[in-house]
Amino acid sequence: SMIEMELEINQQFGEWAVLQESSANLQPIAGPGLTGMSNLGNSCYLNSVMQVMFTIPDFVERYVEKANEIFETSPADPVNDFNVHMAKLGNGLWSGKYSSISEESLDTGATGIKPTMFKNLIGKNHPDFSTKQQQDAQEYMLHLFNVIERNSRGQPNPTDAFKFQIEDRIECLASKKVKYSYRDEWMLPLMIPLEQATNLDEVRKYEEARALAESEGRRLPDDALVRPKIALRACLEKFAEAERAEQFYSTAVNDKTDASKRTRLASMPD
């Protein structure tokens, strides 16, 4: 859960500081496309997703380049119009008007955008995103895609840039007959094969040292932490390897039997 993750991060503060570049001498930058978004206390999932969305040309073209057109044709109640709020947010991120590195803005933190109205509109009537609790960015992105699709009738749908097709190949091991099926997806979930870590020996030694330290009532120093290093290729190979399905009902033999299932990418997203 998110609470467990936060507890783990707090226990590993040294690693957390490195992730946030706490000791780095960072140079502030500003300008169009370099605008930050304020965390509303629980909106990091929303902010990260929207920052990524508006680096994609399809979203910039739909909501930023055509922002004036959206504003001019907005309904009488633009507060509840999704396209208006997308254009408003995109325009804010890309105009550069809300991105500054002046001494005053850096001292007061008065830079960036507060997406309060946007958050309220997208999460309206949703059991999770209407709350003030932390949420999952991937789940939020899929919810956002559904909202965009509903509001893209007669307009180009920018989420099509993510769309790709999955091919499922199922072979009945009794008859050797094969069935192919296809489905559209917008995200590719991957299993992470921890046993294929390139630093597996180091990881095992660290786990043994940590277990010994815990049994003795002490903690290992933060810089002793060892994370598994797993190649993306290994995750993709895990995704594509054949699975054996037991008690599979085969119409070829009209009975339950074993089957082999293999999944492939039939097309690629833009």
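This text goes with the structure placed above it.
Worth saying up front: this structure is predicted, and the values here are computed from it rather than measured.

Engineer: For the overall build of the chain, give the residues involved together with the corresponding values.
Structural biologist: Across its full length, the chain holds eleven helices and four strands. In the chain, which comprises 270 residues, the share counted as buried stands at 30%. Taking as baseline every contact in the chain between residues at least 6 positions apart, the subset at least 24 positions apart corresponds to 63%. About 17,900 Å² of surface is accessible on the chain, with carbon and sulfur atoms providing 51% of the total.

Engineer: Go over the sheet that holds strand 3 (residues 243-250) with me, naming the residues and quoting the values.
Structural biologist: The four strands are arranged 2-1-4-3 in an open sheet whose pairing can be described as antiparallel. Both outer strands of the open sheet, strand 2 (178-185) and strand 3, are each paired with one neighbouring strand and no more. Neighbour-to-neighbour, the strand axes of this sheet turn through a mean angle of 35 degrees, independent of strand direction. Note that strand 3 and strand 4 (residues 255-265) share six bridges and pair antiparallel. Residue pairing for strand 4: Ala245 is matched across the bridge by Ala259.

Engineer: Describe in detail unusual backbone geometry, supporting the description with residues and values.
Structural biologist: Residues apart from glycine generally show negative phi values, whereas peptide bonds are mostly found in trans. Even without being glycine, Gln247 reaches a positive phi, approximately 55 degrees. Note on placement: Gln247 falls in strand 3. With a relative accessible area of 58%, Gln247 lands in the exposed category. The phi dihedral of Asn254 is positive, around 55 degrees, even though this residue is not glycine. Summarising the element assignment, Asn254 is placed in the loop between strand 3 and strand 4.

Engineer: So what about the packing of helix 3 (residues 44-53) against helix 9 (residues 137-150)? Which residues, and what values?
Structural biologist: The geometry of helix 3 relative to helix 9 is characterised by a closest axis approach of 9 Å and an angle of 55 degrees between their N-to-C directions. On the basis of their axis angle, the class for helix 3 and helix 9 is oblique. In the crossing of helix 3 with helix 9, the sense of the turn from one axis to the other is right-handed. Contact with helix 3, carried on its side by Tyr45, Leu46, Ser48, Val49, Met50 and Met53, involves Ala137, Tyr140, Met141, Leu144 and Phe145 of helix 9 and no other residues of that element. Its residues assigned to classes, the contact of helix 3 with helix 9 shows ten nonpolar, one polar and no charged.

Engineer: Explain helix 6 (residues 82-95) to me, and be specific about the residues and the numbers.
Structural biologist: When the terminal C-alpha atoms of helix 6 are compared, their 20 Å separation across 14 residues agrees well with the 20 Å that a helix rising 1.5 Å per residue should span. Of all 14 residues in helix 6, ten are buried, a share of seventy percent or more. Against helix 3, helix 4 (57-64), helix 5 (67-72), helix 8 (116-122) and helix 9 lie the buried residues of helix 6. Residue Gly96 follows helix 6 closely and has a positive phi angle near 85 degrees.

Engineer: Which residues make up the nonpolar core, and what are the values?
Structural biologist: Counting 33 residues, the largest nonpolar core has Met50, Met53, Phe54, Phe59, Phe82, Met86 and Tyr140 as the members making the most contacts within it. Looking at this core, the elements that each hand over two or more residues are helix 3, helix 4, helix 5, helix 6, helix 8 and helix 9. Filtering out sequence-adjacent residues up to four positions away, Met53 remains in contact with Phe59, Met141, Leu144, Phe145 and Phe162.

Engineer: Residues and numbers for the pairing of strand 1 (residues 164-172), please.
Structural biologist: Summarising the sheet, strand 1 and strand 2 pair through eight bridges and their orientation is antiparallel. Pairing of Glu171 across the sheet is with Val178, part of strand 2. If you look at the hairpin formed by strand 1 and strand 2, you'll find five residues sitting between the two strands, and Lys176 has a positive phi there, around 65 degrees. Both strand 1 and strand 4 contribute to a ladder of seven bridges, which runs antiparallel. If you follow Asp168 over to strand 4, its bridge partner there is Thr263.

Engineer: Requested: an account of a nonpolar patch on the surface, with residues and values cited.
Structural biologist: On the surface, Val178, Tyr180 and Tyr182 cluster together to form a nonpolar patch covering roughly 300 Å² of accessible area. If you trace the backbone, Val178 turns up in strand 2. Judged by relative accessible area, Val178 falls into the partly exposed class, the value being 34%.

Engineer: Which residues make up the pattern of salt bridges, and what are the values?
Structural biologist: Evaluation of the coordinates by the stated rule reveals nine salt bridges. One salt bridge in this structure joins Glu237 and Arg233, with 3.1 Å as the shortest N-O distance. Of the two residues, Glu237 and Arg233 both sit in helix 11 (residues 232-240), four residues apart, roughly one turn of that helix. Bridged by salt links that share partners, the residues Asp168, Arg183 and Glu185 form one connected network.

Procedures and definitions
- Residues numbered from 1 in each chain as written.
- Predicted model: local features only at pLDDT ≥ 70, side-chain atom pairs only at ≥ 80, totals over all residues.
- Heavy atoms only, no water.
- Helix = DSSP H or I, 4+ residues; strand = E, 2+ residues; numbered from the N terminus.
- Buried < 20%, exposed > 50% of the residue type's maximum accessible area, 1.4 Å probe, protein only.
- Contact = heavy atoms within 4.5 Å.
- Areas by Shrake-Rupley, 256 points an atom, 1.4 Å probe, with all protein chains shown as cover.
- Pairing = 2+ DSSP bridges.
- Axes fitted to C-alpha atoms, helices over the stretch in contact; angles between N-to-C directions.
- Parallel < 35°, antiparallel > 145°, perpendicular 65-115°, else oblique.
- Left-handed = near helix turned anticlockwise from the far one by under 90°.
- Nonpolar A, V, L, I, M, F, W, Y, C, P; charged D, E, K, R; others polar.
- Expected span 1.5 Å × (residues − 1).
- Core = buried A, V, L, I, M, F, W, Y, C linked by side-chain atoms within 4.5 Å.
- Patch = residues over 30% accessible without salt bridge, like charges linked within 9 Å, V, L, I, M, F, W, Y side chains within 5 Å.
- Salt bridge = Lys/Arg side-chain N within 4 Å of Asp/Glu carboxyl O.

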